[in-house]
Amino acid sequence: MVDAETVAPSFQICCTDPDVVKDGVRHRDINDTPHGGRPVLISMQVQKGRCRNCGRRGLSEILPHVRPDRWMTDRLYVFIAREGLKQSNTHSEVARIAYVSEGTARAIIHEYINAKVALVQRETPRVLGIDEKKLLGDFRAVIGNIEERTVLNVLPDRREALRAYLEDLPDRHKVEVICIDQYRAYLTMAQDIFKGVPVVTDKFHVIRRANEAMDAVRIRVAKGIRSEHVGRAVRLKMSKTLFWTRSNDLEGEARATVREWWNRYPELAHAYWTKERFFEIYNCQTRVEAERDYATWRRALPDPIAKEFKAKLTIGRDWYEHVFNYFDHRYTTAYVESVNRMLDTMQAAGRGYSFPIIRGKLMLSSPLEKRTFRDRHPGKSVQYIGEAPPLPSTAWGVDIDKATRAMQSSFESFRQVEGGRYVSTGRQSGLATIEMDLAGLT
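Residues numbered from 1 in each chain as written. Predicted model: local features only at pLDDT ≥ 70, side-chain atom pairs only at ≥ 80, totals over all residues. Heavy atoms only, no water.

Trainee: Explanation requested: a nonpolar patch on the surface in the structure shown.
Mentor: On the surface, a cluster of nonpolar side chains totalling about 310 Å² of accessible area is made up of Val-230, Val-234 and Met-238. By the element assignment, Val-230 lies in helix H7 (residues 230-237). (Patch = residues over 30% accessible without salt bridge, like charges linked within 9 Å, V, L, I, M, F, W, Y side chains within 5 Å. Areas by Shrake-Rupley, 256 points an atom, 1.4 Å probe, with all protein chains shown as cover. Salt bridge = Lys/Arg side-chain N within 4 Å of Asp/Glu carboxyl O. Helix = DSSP H or I, 4+ residues; strand = E, 2+ residues; numbered from the N terminus.)

Trainee: Any chance you could explain helix H3 (residues 102-118) here in plain terms?
Mentor: Every α-helical turn comprises 3.6 residues, leaving residues that sit three or four positions apart pointing alike. Relative to the 24 Å expected for 17 residues at 1.5 Å per residue, H3 spans 24 Å between its end C-alpha atoms, a close match to the ideal helical length. Here H3 has its buried residues at Ala-105, Ile-108, Ile-109, His-110, Tyr-112, Ile-113, Lys-116 and Val-117. Those residues of H3 hidden inside the fold are in contact with strand E6 (72-73), helix H1 (74-85), helix H2 (91-98), strand E9 (150-154) and helix H15 (355-363). (Expected span 1.5 Å × (residues − 1). Buried < 20%, exposed > 50% of the residue type's maximum accessible area, 1.4 Å probe, protein only. Contact = heavy atoms within 4.5 Å.)

Trainee: Explain the packing of aromatic side chains to me, please; I cannot follow it from the model alone.
Mentor: Aromatic ring pairs are defined here through the distance separating the ring centres and the angle between the ring planes. This model, assessed by the stated rule, comprises 15 aromatic pairs. Members of the aromatic cluster, connected to one another through ring pairs, are Phe-278, Tyr-282, Tyr-294, Trp-297, Phe-309, Tyr-320, Phe-324, Tyr-326 and Phe-327. Note that Arg-67 overlies the ring of Tyr-77, its terminal NZ or CZ placed 3.7 Å from the centroid. (Phe/Tyr/Trp six-rings, centres within 6.5 Å; stacked < 30°, edge-to-face > 60°. Lys NZ or Arg CZ within 6 Å of the ring centre and 35° of its normal.)

Trainee: Even after reading the chapter, I still don't get the pairing of strand E8 (residues 138-145), so can you show me in this structure?
Mentor: In the case of a regular strand, side chains alternate between the two sheet surfaces. The element E8 is extensively covered by neighbouring structure, given that six of its eight residues are classed as buried. As judged from the eight bridges shared by strand E7 (residues 127-135) and E8, these two strands associate in the antiparallel manner. Along E8, the bridge assignment pairs Gly-129 with Gly-144. Sheet analysis places E8 next to E9, joined by four bridges and oriented antiparallel. Paired with Ile-143 across the strands is Asn-153, a residue of E9. Counted between consecutive antiparallel strands, the loop separating E8 from E9 contains four residues, among which Arg-149 sits at a positive phi close to 55 degrees. (Pairing = 2+ DSSP bridges.)

Trainee: Before we go on, may I ask you to explain empty space enclosed by the protein in this structure?
Mentor: Applying the stated criterion to the full structure yields one cavity of 30 Å³ or more. There is about 40 Å³ of room inside the largest cavity. Lining the largest cavity are Val-206, Phe-278, Ile-281, Tyr-282, Tyr-294, Ile-315, Val-323, Phe-324 and Phe-327. For the lining of the largest cavity, the class distribution of residues is nine nonpolar, no polar and no charged. (1 Å grid on protein atoms, 1.4 Å probe; cavity = no way out; pocket = protein on both sides within 12 Å on 5 of 7 lines; lining within 4 Å. Points joined across faces, edges and corners; volume = space filled by probe spheres on them. Nonpolar A, V, L, I, M, F, W, Y, C, P; charged D, E, K, R; others polar.)

Trainee: What is the right way to look at the nonpolar core in this model?
Mentor: For soluble globular proteins, the rule of thumb is that nonpolar side chains tend to be buried together. The biggest cluster of nonpolar side chains holds 102 residues, and the ones touching the most others in it are Ile-80, Phe-243 and Leu-268. Looking at which element gives the most residues to this core, the answer is helix H6 (residues 203-225), with nine residues. Once residues within four sequence positions are removed from consideration, Leu-268 is found in contact with Met-214, Val-217, Arg-218, Val-221, Leu-236, Phe-243, Trp-261 and Trp-262. Within the second largest apolar cluster, six residues are counted, among which are Ile-42, Met-44, Leu-63 and Val-66. (Core = buried A, V, L, I, M, F, W, Y, C linked by side-chain atoms within 4.5 Å.)

Trainee: Help me understand the packing of helix H10 (residues 266-280) against helix H12 (residues 303-313) in this model?
Mentor: Packed helix pairs are characterised by how far apart their axes lie and by the angle those axes make with each other. Two elements in contact, H10 and H12, have axes separated by 9 Å at closest approach and are oriented at 35 degrees. Crossing handedness for the pair H10 and H12: right-handed. Residues Glu-267, His-270, Ala-271, Thr-274, Lys-275 and Phe-278 of H10 pack against Pro-304, Ile-305, Phe-309 and Leu-313 of H12. The residue inventory of the contact of H10 with H12, partitioned by class, reads six nonpolar, two polar and two charged. (Axes fitted to C-alpha atoms, helices over the stretch in contact; angles between N-to-C directions. Left-handed = near helix turned anticlockwise from the far one by under 90°.)

Trainee: I would appreciate a short explanation of the pattern of salt bridges in the present structure.
Mentor: Pairs can form between side chains of opposite charge whenever their charged atoms are close. Tallied over the entire structure, the rule returns 24 salt bridges. Of the charged contacts, one joins Lys-312 and Glu-212 as a salt bridge, the two residues approaching to 3.6 Å between their closest N and O atoms. Within this pair, whereas Lys-312 is found in helix H12, its partner Glu-212 is found in helix H6, the two being separated by 100 residues in sequence. Overall, the relative accessible area of 30% leaves Lys-312 in the partly exposed class. For Glu-212, a relative accessible area of 26% corresponds to the partly exposed category. Taking the shortest distance from any N to any O, the salt bridge between Glu-267 and Arg-220 comes out at 2.8 Å. Here Glu-267, found in helix H10, pairs with Arg-220, found in helix H6; they are 47 residues apart in sequence, far enough to count as distant. Look at Glu-267 and you get partly exposed, because its relative accessible area is 27%. Where salt bridges share partners, they join Glu-123, Asp-171 and Lys-174 into one cluster.

Trainee: I tried to follow the environment of Asn-325 on my own but got confused; where do I start?
Mentor: With respect to the helices and strands, the residue Asn-325 is situated in the loop between helix H13 (317-324) and helix H14 (335-349). A relative accessible area of 6% means that Asn-325 is categorised as buried. The spacing of Asn-325 and Asp-202 is 123 residues in sequence and 9.7 Å in space, taken between C-alpha atoms. Residues within four places of Asn-325 in sequence aside, it is in contact with Pro-198, Val-199, Val-200 and Arg-287. Reaching out from Asn-325, the side chain makes a polar contact with the backbone oxygen of Val-199 at a distance of 2.9 Å. (Polar contact = N/O pair within 3.5 Å; in protein donor to acceptor, adjacent residues only side chain to side chain.)

As structure tokens, this is what we get:
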């Protein structure tokens, strides 16, 4: 334990013309970084102040380098955070070496990562993609640069955190197109924050509903024949992939099987070719042509399967413009499929990791960053005395391909022991191989 007091204390401001004098002391125990593996406790005599002008008493002394919300020094706070970012340390291990509770260690590590992620600056994209991924039981908003195939950020939720992120996005005027799925909150935010910017409903989310309508008909038919042909009903229920396959991809046995189903149950043939005709709308070259083909498709719906397809593929007034905006701005969030696979791998490889740790490893690892560098003096030969300053660069976000390769990598660590032999200290793979950058973090 170390006894301490401030020689020349300063106090919080109480009025426009403060004249504060000492007015007693209170003792506070402040945790500091361990020394020699043992805890360090500072017993601080904290001065109380009284203002002779306004009469206010009990003014708190300002303690530099102390976290008042936790009563620990700034250097202990940083020590806990840095130890928590190391690959091999669990929250309980950090708590043990820092002599704090596991809950305190976890909270500090999460605060620290979130603060550093908030400082990361990425170039605002021309085509902004918004989607979501379910991680650790909750939907997380995934913000992407569609043209560069990068992830700008992964947010804790897809409502409050997403709105705050979009409102604080620098250079919002650079966004010319926004691509989303049919989640209502995304459309509302895009219209509120990016007024006048065209919103495109991702085509893959729309045509997926055609497959869902096909499934609804297939399941209804299977239920209808279950009492007479149990085995056939089971096979039909298990044939989802077969009926999802595009007609030009049906070959050999698969084509023969699906034709057999069509001959037995004409409703399946109606549903299949109705689905195929809806897919073909996206082959149109212009918006006018696509809108005309959609109207024709609606009028030609066969009665036996009209209910299922109208329920899934009626484009309401709120979404009509955004669905057909695709034919003016041909962008999709198809890159998100790569993101989702990468995040699935991260989640599987990172069992036991919290969301802030997964997010930090993704957002704070410079080897995963996609950057482009600009020549300061294009077309000129320039010589520098000493070391040349770094080239200006643009940070586009987390490169999906780099992150995917990192998640598939592994390495084994060794240490030298007596006799010159090397022994393995363990194998790291997936998420554990990604290091967060600690340089410059305070």
